[in-house]
Every structure is written in C-alpha cells, then in structure tokens.
Amino acid sequence: MTTPDPPPGRTESLRGPIRPWILLTAILFALATVLALAWPAGGLREFTPETPHRRLGEPITGHRLAMKPYKVSFLAKDPAPSLGDAKPGRFLAIELEVTNVSHQTATVSDLALNLRLTVSPSGATIDRFRDKVAGFVIRDGRFDRDQLQPGLTERVMIVYTVPVPLPDPTHLTMTVIDKEYVGGFQSDLSEWYDVDDPLAIYDLDVGR
Amino acid sequence: MNWRRNLGYGLGLLALIPAVVAAEVLPWREKYEFLTGKGGQEAVAAHGQGARVNGMEWRLKSITEGELQEEFSRPLPPRTKIAVVVISVKPLTDQGGKWFVTDGTCKIAATDKAGRIWQPSFRNDLAPKSPHSPTCRAFDANYNMVPLPVGKELTIQTEYVVPADAFPTLGVQIRLTPNPATVRLNP
Amino acid sequence: MKRAIVSVLTGVVLLAGILGVRRADPDGDRKYEPIATSGVMGQQVNTTTFQLRVDRVELAGSVRILDSYGLLGTTKTTAGIWVVVWATVAATTEEFQMQGARLRTTDGVEYLTSTVQGTLDKTALQPGIPAYGPILFEIPRDKLAGAVLRVTRHGTKGGLDHLGPAVDVDLGLSGSYAKSLVQRTPALLTVDQVREL
C-alpha cells in the first residue's frame, strides 16, 4: 500500500520545533501524575507513626479485635489445669475483655499470636509459642473455649510459664500487633495479615 | 499477497493458544491431584483378577455381608448392610515390595455401579476378629513396618456400612501415593 | 485543530472506559466465590455433592448436648444468643462433611459454627445414608433477622471454601418473627445428637 506524500511544506514543521514541546509535556505529565497519586494518600512528607501507649483498663481497637486488659497476675499454681489438680509452677496470667469487631469468627489463639510480651526486671521476652500454656474464653468454669464470635464481648485469659532463669516479673510490656483483611501478594483472595506498625504498647504492673 | 502473510501470522497465533493454556494448566495438575486424589494412572480388574500398578498386583478376594458383633451395639442406620471386604496385594518387583516401608499411602474405599464411594467405618464391632491386616502394611513381631518380599501376598480386610441397595454391585477402589494411581477391583 | 480536539476527546473517553471497566472488575474474593443454590426453610436443595433441607430453627440462652449414651454434657452459656438450626443432609457420591457451614447476617458478618462436639457440621456422612441433627451458632441478640445459612464442604481456611458447590438457605426470620423468637427464648435447651436416617 502506498501513503500519499505529505504536502511539501509540512515535513519541516513535523520535525524540529515540535520536539522540545513533547519533552516538556511528558515531564510535566509525569510530575502531575506523581502528585495526583500522592496527594490523596497524604502527600510526600515522610510518615513516622507513633505507637500509642496504654495502661491497665484502657481499651484499644484494631481491625479485627478490640481489647482491654484488666488484670495481670503472677501465680504459683496453674490457673487453668487441663488435667486433674492445678500443678505448681511460675505462671503469668493476663486477663482481657475482648470484642471481635471484624466480619468473621476469630479465636483466642488469634489474639495470643499477636501479643508480644517482655517482662521486667529482666527485660526478657516471653515466647508466645513455647511459653504459652493456655488461652481461653472465661465462661462456665471451663478452660477449653476458644471462639470469639463477631459482636460478642468475652472475658479471656491467656496463661504463660515464666522460664526458670528469669526473676519474678513485676512489670509487663505487652505490644499488640493489629491484623487486617486484605488480598495478599500471592493470591487475589483476602486473608488476615499483620499490620507493620504496632497497634499499642501496654505498660502493665504484675499483681500477685 | 499481504493477506497470505497475515493468515500465516494468524494461524501461528492460533497454534500458540493451546501452548499457553497448557503452560497455565499443567503446573496445577500436580496440586489438583494432591488436593483431590484424582488423576494419575488407573488399573482395573474384574472377577477376582489381578490389577497391576507400581510393581504390585492387587486382587479382590471377597465381599461378604457382616453383622453386629455385640448384642447391645449401637444399631446401624435403617436400610443399610455391613460389607466385609477382603483384598490382597502382592509385590511383583523389589521396588513394589519396598513401597511397604515408605510414607506412601493407600486409601481403600468401597464403590458401587453408580460411582458412589464409601469410606471404611471406624467401628470395630462390624465383623469378628480376622487374620487379615486392617491396613496395607506388614509388621514384624515388634510392630515395625517391614518390606514385603516379591511374590508374598498380604490380605487386607476393611468394613463398610453401605445402603442395602448398593450392596449387590459393590467393588473396591484403592488410591495410592506417591506415584498417584487408582486401582479398581470390580466384582 | 478539529483533529486535535477529536483525538483528545477520544483519549478521554477511552480513559474513562478503562477506569470504568477496571472498577467493574470484581475483587479476588468475589471472583472465586462458589456459585450458590438458594433455598428456603423446609425445601430440599440438591447439589452435585450433597442434599440439604433445613427443618427448623430454635433459640436458647444456654445449651447442653444429650449424647448417644444418654449423658448430658456441660451447660454452655453465651454472651449473645444460641441459634440451633436443625437440618437433614445426605451425601450424594462421596463422603461429605459440611465443614464450611456458617450463618450470614444481613450486615455481611459470617459466624462460624460453634466448636461444640456432636453437631451435624462435624459429622462425616456417607453416600445414601442421610442424617438429621443440630448446627449451633452464637450471635448477638439483635442480628437474627434475615439470617441465612450457608453450607459448603470446605471450611474457610486456606481458600478451600471456594471449591465445590454452596447452598444458601433463608431461615425465614423476618424482623417481627425474629424479635418474638428472641423474646420467647428459653434459658436452657437440651439438644439431641445427630441421628442417621
């Protein structure tokens, strides 16, 4: 196929003076896009979040769970024996009032997995996997209830052993990690993922 | 002229479609087989003949009706029968014999002509104690798994509670791993 | 000049079209949702994997299970209200267990079944042998109206609940009926175990 030759005068003006305009427009367009995308998201300032600190009895609400620790105790006997009589030992029991504020059933295990604990005076971490002894909804005098249904407020107890080399704890720092329900990198489907910045840091005194 | 070249390109693109589809689907086959237990080889035998797969020969020995062993057992659901199924497996090669000490699994199920599948019952009061093994594994005196020698037959008994109308056409299906295979033993 | 205007306008229209199509694209969760068959109370719903009929709904302030040996389990209280859905279900071709049974309320919240043992959602059903039994939920008292029972074979973990058919049964809990049910809720309900039929 043949295309008609452009009229003689125009070839000159299709080169030359057009180019700098194209370049300038392209640069301005790129800058405008960046600003247009950044402005609704909060601008180009660096964002350094401040994790709020809380004390006993103060509530905090995440995307999945809202909680309010009301008692922390260091006990000489297992408060939630699974078999037979309560065994002696060194137990740290945290009691919280929890409400599932999400759209799906959650469990006490979900709550416990997102708590990071360090005790004073040693400054050591209590391992949320190895040192956890029990986690349950306080109801009907039993220690095996795990579910947190949406919209229902329950009292929850989570029990840990304090490893032998550590001195008796007098103070507990509990960092709460939030979770949100979003699509992940590998799949389109939504799942509960940890939020990078902690939701709150609780400074709690340990009672007896 | 030009349209012949374009047609060439068009046909070339058309041939790419199955290639792209295959590239998308084939990696999922393994996951599909793992998740559902389907796919893989099939070996079928009827009338007590042997079905050969993965170096083993499987055979249907008998399907008989069982009855509750205890007078006060929990009653069976209405209109059901107990099927006592005895099958045998014999290694044909060393490889087949060694499978018996690996992590490979065999899932035995009862099937009927309509294609329905029943899992073995968890109850242990459906048939008298038998000399047959309850699983596709051989053990020595100390309860350790041992490989099965080539040519040695192991008989396996499983029991099922099936609807009475399924009983006349019952056969057996065995799903094997790790090389996915399905053995069908028809009556 | 006219050509420039036409090209700019075409560009804008195409851009709007692209944005519109992108917005209309359902998100990942909706894309993989199982195709659900709907039913109402008392209606038998058939799928390739299972057949289901919801027979009735009861409420309770607390429940205890009566097991097959005639022994009563511990009384279980709740911060909300117990919803006991009685249903008949049968597997069609293969073993079936409704691991993904849940109650969906009008606000889009999904309540998984209670972990209480001996309920219908924890029973493995064999083809041709139907069973009748209870499915237990705990929900807030004011969320009952319009609740729908959704049944799938797989539970919600690992995205497996997107495999296989689903059934949605409207439990017939209109606003006024639900309110009257809640007002007449017994303090304690003894719940029978699953029965094979």
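Here is what the cut-offs are and how they apply
- Residues numbered from 1 in each chain as written.
- Chains lettered and ligands numbered in written order.
- Predicted model: local features only at pLDDT ≥ 70, side-chain atom pairs only at ≥ 80, totals over all residues.
- Helix = DSSP H or I, 4+ residues; strand = E, 2+ residues; numbered from the N terminus.
- Buried ≥ 20, exposed ≤ 12 C-beta atoms within 10 Å, placed from the backbone.
- Contact = placed C-beta atoms within 7 Å.
- Rg over C-alpha atoms; globule rule 2.2 N^0.38 Å.
- Pairing = 2+ DSSP bridges.
- Nonpolar A, V, L, I, M, F, W, Y, C, P; charged D, E, K, R; others polar.
- Axes fitted to C-alpha atoms, helices over the stretch in contact; angles between N-to-C directions.
- Domains from an automatic or database assignment.
- pLDDT = per-residue confidence, 0-100.
- Expected span 1.5 Å × (residues − 1).

## Focus: the overall build of chain B
If you tally the helices and strands in chain B, you get two helices and 11 strands. Ordered by position in the sequence, the α and β elements of chain B form the string α-β-β-β-β-α-β-β-β-β-β-β-β. With the principal axes as the frame, chain B shows a C-alpha extent of 90 × 45 × 30 Å. Counting all 187 residues of chain B, 23% fall into the buried class. Long-range contacts, defined as pairs at least 24 residues apart, comprise 73% of the intrachain contacts of chain B with a sequence gap of at least 6.

## Thoughts on the overall build of chain C
Along chain C, the regular secondary structure elements total three helices and 11 strands. Here the C-alpha atoms of chain C give a radius of gyration of 22 Å, more than 25% beyond the 16 Å that 2.2 N^0.38 yields for 197 residues. If you line up chain C on its principal axes, its C-alpha atoms span 90 × 40 × 30 Å. Counting all 197 residues of chain C, 34% fall into the buried class. Across chain C, every contact between residues at least 6 apart in sequence was considered, and the portion connecting residues at least 24 apart equals 71%.

## As for the sheet that holds strand E14 (residues 200–205) of chain A
Residues and elements named next belong to chain A. Spatial ordering of the open sheet is given by E1-E14-E11-E6-E7, a layout of five strands whose pairing is mixed. The open sheet is flanked by strand E1 (53–55) and strand E7 (125–126), the only strands paired with a single partner. Relative to E7, strand E6 (residues 115–120) is paired through two bridges, and the arrangement is antiparallel. Each bridged residue has a counterpart across the sheet, and for Leu117 the counterpart in E7 is Ile126.

## A short note on the interface of chain A and chain C
On the side of chain C, 22 residues touch chain A, which itself brings 19 residues to the contact. Its residues placed into classes, the side of chain A that touches chain C shows three nonpolar, 10 polar and six charged.

## Quick notes on the arrangement of the chains
Between chains A and C lies the most contact-rich interface of the two pairs of chains that touch. Note that chain A does not reach chain B: the shortest distance linking a C-alpha of one to a C-alpha of the other is 10 Å.

## Some thoughts on the sheet that holds strand E4 (residues 80–91) of chain B
Residues and elements named next belong to chain B. Pairing is antiparallel in the open sheet, where four strands are placed in the order E2-E3-E4-E9. If you trace the sheet from one side to the other, it starts and ends with strand E2 (50–53) and strand E9 (154–163), each paired once. On average, adjacent strands in this sheet sit at an angle of 30° to one another, irrespective of strand direction.

## Quick notes on the interface of chain C and chain B
Put simply, an interface is often sized by how much accessible area is lost when its parts join up. Contacts between the two partners involve 10 residues from chain C and, on the opposite side, 11 residues from chain B. When its residues are assigned to classes, the side of chain C that touches chain B shows three nonpolar, four polar and three charged.

## Side note on unusual backbone geometry
In the segment running from Ser120 of chain A into Pro121 of chain A, the intervening peptide bond is cis, with an omega of 20°. Mapping Pro121 of chain A onto the fold places it in the loop between E6 and E7. Cis geometry is found at the peptide bond from Thr177 of chain B to Pro178 of chain B, where omega equals 5°. A positive phi angle, close to 55°, is found at His47 of chain B, a residue other than glycine. Along the chain, His47 of chain B falls in the loop between strand E1 (41–46) and E2. Here His47 of chain B falls in the exposed class, since 8 other C-beta atoms lie within 10 Å of it.

## As for the pairing of strand E4 (residues 88–100) of chain A
All names here are of chain A. Strand direction decides the pairing type here: strand E3 (residues 65–77) and E4, joined by 11 bridges, are antiparallel. From the neighbouring strand, Val72 faces E4, where its bridge partner is Ile94. Here E4 runs beside strand E10 (residues 153–161); their pairing, made up of nine bridges, is antiparallel. Opposite Val98, over in E10, you have Glu154 as the bridge partner.

## Topic: the domain arrangement of chain B
Parsing chain B into structural domains produces domain 1 (1–36) and domain 2 (41–185). One C-alpha centre belongs to domain 1 of chain B, the other to domain 2 of chain B; they are set 42 Å apart.

## Overview of the confidence of the model for chain C
Residues and elements named next belong to chain C. Scored by pLDDT, chain C comes out at a mean of 91, with 97% of its residues at no less than 70. Across chain C, the secondary-structure element scoring lowest on mean pLDDT is helix H2 (residues 28–32), at 73, and the one scoring highest is strand E7 (residues 131–139), at 97. Model confidence for the complex: the whole-complex pTM is 0.82, and ipTM, which rates the interface, is 0.86.

## Quick word on helix H1 (residues 2–24) of chain C
Helix length check: H1 of chain C, at 23 residues, gives a terminal C-alpha distance of 33 Å against a target of 33 Å (1.5 Å per residue), a fit within 8%. Burial of H1 of chain C is sparse: only zero of the 23 residues sit out of reach of the surface.

## A look at the environment of Asn114 of chain A
Residue and element names in this part refer to chain A. Structurally, the position occupied by Asn114 is in the loop between helix H3 (108–113) and E6. Given 21 C-beta atoms within 10 Å, Asn114 falls into the buried group. Placed 65 residues apart in sequence, Asn114 and Lys179 show a C-alpha to C-alpha distance of 8.3 Å. Beyond its immediate chain neighbours, meaning those up to four positions away, Asn114 contacts Val176, Ile177 and Lys179.

## Topic: the confidence of the model for chain B
Across chain B, the average pLDDT comes to 88, with 97% of residues at or above 70. Here helix H1 (residues 2–36) of chain B stands out as the element of chain B with the lowest mean pLDDT, 83, in contrast to strand E6 (residues 117–118) of chain B, whose mean of 96 is the highest.

## Considering the environment of Tyr69 of chain C
Mapped onto the fold, Tyr69 of chain C is located in the loop between strand E3 (50–66) and strand E4 (76–91). Spatially, the C-alpha atom of Tyr69 of chain C lies 9.9 Å from that of Gln193 of chain C, the residues being 124 residues apart in sequence.

## A closer look at the environment of Ala86 of chain A
Residue and element names in this part refer to chain A. Turning to its location among the elements, Ala86 is positioned in the loop between E3 and E4. Residue classification places Ala86 among the partly exposed positions, given that 13 C-beta atoms sit within 10 Å. Measuring from C-alpha to C-alpha, the distance between Ala86 and Leu75 comes to 11 Å, with 11 residues separating the pair along the chain. For Ala86, the residues in contact, after removing those within four places along its chain, are Lys77, Asp78 and Pro81.

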